Amino acid sequence: MPTVDVVNLSKEKVGTVELDDRLFAAEINPSLIHEAVVMQQACMRQGTAATKTRGMVRGGGKKPWRQKGTGRARAGSNRSPLWRGGGTTFGPTPRDYGYAFPRKKYRAALRGVLTAKVKDGSILVVDRMELGEAKTKQMAQILKKLEATERTVIVGLEMDEKLSRALRNIPSVQMLSVHGLNVYDLVCARRVLIPQEALSKLQEVWA
């Protein structure tokens, strides 16, 4: 069973904690993690690209010339896809790129990422994550002491309003609830901060 140090906000060791083998000593399957990341990126994709078909383009109600006798090819509308200013054939339309992903596979991918983060020393367990005031300057100083100035994920029992306000202007830090933990954000994070009170809930939910 892996063991990590518990530190305070000044990064001073105040104890140790044992981690659940099912969550932090799981199998690391890179291809499965890649699948989960691709799925999340597909779900985040906006899919707002759109073009107008001949039925959406304004105009084109009048037949450009009579059917026969002109020597030119027959034409019924000047908004045909063959004409300049006409509609688009088989162009993109707004769509949802998201797709379903088996829950068991996703949970296995998440466990693999957390195991990898423990092995490379990216996970830091903090005894508590409380601020006196919702001040960005104070939060930035804490993150500097914790060596979490690069892309960081803070895991909480729930979304703390005071902490969220303090982090609002620090673009490299993201706060996630235990239930909102996901593979993509963990893969991108260089440091994962987990308050001790959230750790037991994390292990209960995802193990």
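Thresholds, definitions, all that
- Residues numbered from 1 in each chain as written.
- Predicted model: local features only at pLDDT ≥ 70, side-chain atom pairs only at ≥ 80, totals over all residues.
- Heavy atoms only, no water.
- Helix = DSSP H or I, 4+ residues; strand = E, 2+ residues; numbered from the N terminus.
- Rg over C-alpha atoms; globule rule 2.2 N^0.38 Å.
- Buried < 20%, exposed > 50% of the residue type's maximum accessible area, 1.4 Å probe, protein only.
- Areas by Shrake-Rupley, 256 points an atom, 1.4 Å probe, with all protein chains shown as cover.
- Lys, Arg positive; Asp, Glu negative; His and termini not counted.
- Charge placed at Lys NZ, Arg CZ, Asp CG, Glu CD.
- Contact = heavy atoms within 4.5 Å.
- Salt bridge = Lys/Arg side-chain N within 4 Å of Asp/Glu carboxyl O.
- Phe/Tyr/Trp six-rings, centres within 6.5 Å; stacked < 30°, edge-to-face > 60°.
- Lys NZ or Arg CZ within 6 Å of the ring centre and 35° of its normal.
- Polar contact = N/O pair within 3.5 Å; in protein donor to acceptor, adjacent residues only side chain to side chain.

Caption draft 1: Looking closely at the overall build of the protein. For the protein, the helix and strand inventory stands at seven helices and six strands. Going residue by residue from the N terminus, the α and β elements of the protein occur as β-β-α-α-α-β-α-β-α-β-α-β-α. Here the C-alpha radius of gyration of the protein, 27 Å, is well above what a compact globule of 207 residues would show, namely 17 Å. Taken over the C-alpha atoms alone, the protein extends approximately 95 × 40 × 25 Å along its principal axes. Sorting the 207 residues of the protein into buried and exposed places 39% on the buried side. Counting only carbon and sulfur atoms, one obtains 48% of the accessible surface of the protein, whose full area is about 12,800 Å². In the protein, the 35 positive side-chain charges and the 20 negative ones have mean positions that sit 24 Å from each other.

Caption draft 2: Local environment of the environment of R191. With respect to the helices, strands and loops of the structure, R191 is situated in strand β6 (residues 191-195). Considered as a pair, R191 and L32 are 159 residues apart in the sequence and their alpha carbons are 22 Å apart. With residues up to four places along the chain from it excluded, the contact list for R191 reads K11, G121, S122, L124, L146, E147, A148, R151, T152 and V153.

Caption draft 3: Molecular detail of the pattern of salt bridges. A complete count under the given rule lists six salt bridges for this structure. For the salt bridge of E35 with K105, the shortest nitrogen-to-oxygen distance reads 2.9 Å. Pair noted here: E35 is in helix α2 (residues 30-44) and K105 is in helix α3 (residues 103-119), with a separation of 70 residues, a long-range link. By relative accessible area, E35 is classed as partly exposed at 34%.

Caption draft 4: Focus on the packing of aromatic side chains. The final tally for this structure, using the stated rule, is two aromatic pairs. Ring geometry for W65 versus W83: centroids 5.8 Å apart, planes at 35°, classification tilted. Here the residue W65 occupies a position in the loop between α2 and α3, and W83 occupies one in the loop between α2 and α3, the gap between them amounting to 18 residues. Ring centres 6.3 Å apart and planes at 85° place the aromatic pair F101 and Y106 in the edge-to-face group. In this structure, F101 and Y106 share a single accessibility class: buried. The side chain of R45 reaches across the aromatic face of Y97, ending 3.6 Å from its centre.

Caption draft 5: Seen up close, unusual backbone geometry. Although it is not a glycine, K11 sits at a positive phi angle of roughly 60°. With respect to the element layout, K11 can be found in the loop between β1 (3-7) and β2 (13-18). Of note in the backbone geometry, E147 takes a positive phi value of approximately 55° without being a glycine. Relative to the assigned elements, E147 resides in the loop between α4 (136-145) and β4 (152-156). Taking the relative accessible area as the measure of exposure, E147 reaches 51% and is therefore exposed.

Caption draft 6: Seen up close, the side chain of T152. Position of T152 among the secondary structure elements: in strand β4. Residue T152 is classed as buried on the basis of its relative accessible area of 1%. At 3.1 Å, the side chain of T152 and the backbone oxygen of A148 are in polar contact. Of note is the side chain of T152, whose polar atom sits 2.7 Å from the backbone oxygen of E150.

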